Amino acid sequence: MNEKTELLKNFIVLEGLDGSGTTTQLKMMENYLKRKDIPVYTTCEPSPLPTGRLIRRILRKEVTVEPETLARLFSADRYEHLFGSVDGILTHLSAGEVVITDRYLFSSFAYQSLDCGFDLVRDLNKYPLPEYLIYLKLSPEICRQRMKNRDMEELFDADRIQKRIIENYERGMDIYSKSGMKTVVIDGTRRPGEICSEIMKAIGR
Ligand code: TYD
């Protein structure tokens, strides 16, 4: 079934497995657009807001909640991140900025579906879609090697699970295949500079 959802122009989402390089691309895209004098606002999920800070504590295993609670917290954080009256994504888009976020609802499809099932996650995430979804595609093996360099072990890191996360990402992208959202799949093993150029070409900047 295909979801019919509102599309937000100039809203760009970066997605991929842990270690796929979304944060590097976020920074590179921001620098590139700033050099061209294009107003840009970059952000991430979990958000920097109190809701997102609670989620990060859960991911670090400092606080324990049920998987469904976590799925609902991600959804609540997303609501605040989008619609928050002071610094929400919609406010930045209305001000004429290009908004790029490191992760969005596709991450909930990818990760929360593991424990909560796809349908619940879909019900919890009926939010506007970005104009562009950039998906950095990487094999679980390469992600694992990259993750070894990080000091903090988070949930969801094991290899077998990564494969299921990829399947959930693909399923999540599939339900929006006729929504009008432009999905750009990029080989995440390429050099960061090449990936950034490819993204900029794809979004016509
Ligand atoms: P990440 O951007 O990888 O944080 P950092 O690189 O700063 O540690 O995101 C943290 C984790 O959150 C990542 O493993 C994916 C997970 N996540 C979900 O499970 N569901 C979601 O909806 C989002 C946005 C993230």
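Placed above this text is the structure.
Residues numbered from 1 in each chain as written. Predicted model: local features only at pLDDT ≥ 70, side-chain atom pairs only at ≥ 80, totals over all residues. Heavy atoms only, no water.

Considerations on the side chain of Ser179
Thinking step 1. With respect to the element layout, Ser179 can be found in the loop between helix H8 (159-174) and strand S5 (182-187).
Thinking step 2. Within the structure, Ser179 has its side chain in polar contact with the backbone oxygen of Tyr176 (distance 2.7 Å).
Thinking step 3. In terms of polar contacts, Ser179 uses its side chain to reach the backbone amide nitrogen of Met181, at 3.2 Å. (Helix = DSSP H or I, 4+ residues; strand = E, 2+ residues; numbered from the N terminus. Polar contact = N/O pair within 3.5 Å; in protein donor to acceptor, adjacent residues only side chain to side chain.)

Focus: the pattern of salt bridges
Thinking step 1. Enumeration according to the criterion identifies 13 salt bridges in this entry.
Thinking step 2. The salt bridge involving Lys182 is made with Glu131; its shortest N-O contact spans 3.4 Å. Remark: Glu131 occurs in strand S4 (residues 129-137) and Lys182 occurs in strand S5; sequence separation between them is 51 residues.
Thinking step 3. When its relative accessible area of 40% is taken as the criterion, Lys182 is described as partly exposed.
Thinking step 4. Several salt bridges share partner residues, and in doing so they unite Arg190, Arg191, Glu194 and Glu198 into one network. (Salt bridge = Lys/Arg side-chain N within 4 Å of Asp/Glu carboxyl O. Buried < 20%, exposed > 50% of the residue type's maximum accessible area, 1.4 Å probe, protein only.)

Focus: the pairing of strand S1 (residues 7-16)
Thinking step 1. Of all ten residues making up S1, seven are buried, and the element is well covered by its neighbours.
Thinking step 2. The sheet contact formed by S1 and S4 spans seven bridges and is parallel. Paired with Leu8 across the strands is Pro130, a residue of S4.
Thinking step 3. Relative to strand S3 (residues 98-102), S1 is paired through four bridges, and the arrangement is parallel. For Ile12, the partnering residue across the bridge sits in S3 and is Ile100. (Pairing = 2+ DSSP bridges.)

Comments concerning the sheet that holds S4
By way of backbone hydrogen bonds, the strands of a sheet pair with one another, either parallel or antiparallel.
Thinking step 1. Read across the sheet, five strands follow the order S2-S3-S1-S4-S5 without closing on themselves; strand pairing throughout is parallel. Every interior strand has two partners, whereas the edge strands, strand S2 (40-44) and S5, have only one. Within the sheet, the average angular offset between the axes of one strand and its neighbour, ignoring direction, is 20°.
Thinking step 2. In terms of strand pairing, S4 meets S5 through six bridges, oriented parallel. (Axes fitted to C-alpha atoms, helices over the stretch in contact; angles between N-to-C directions.)

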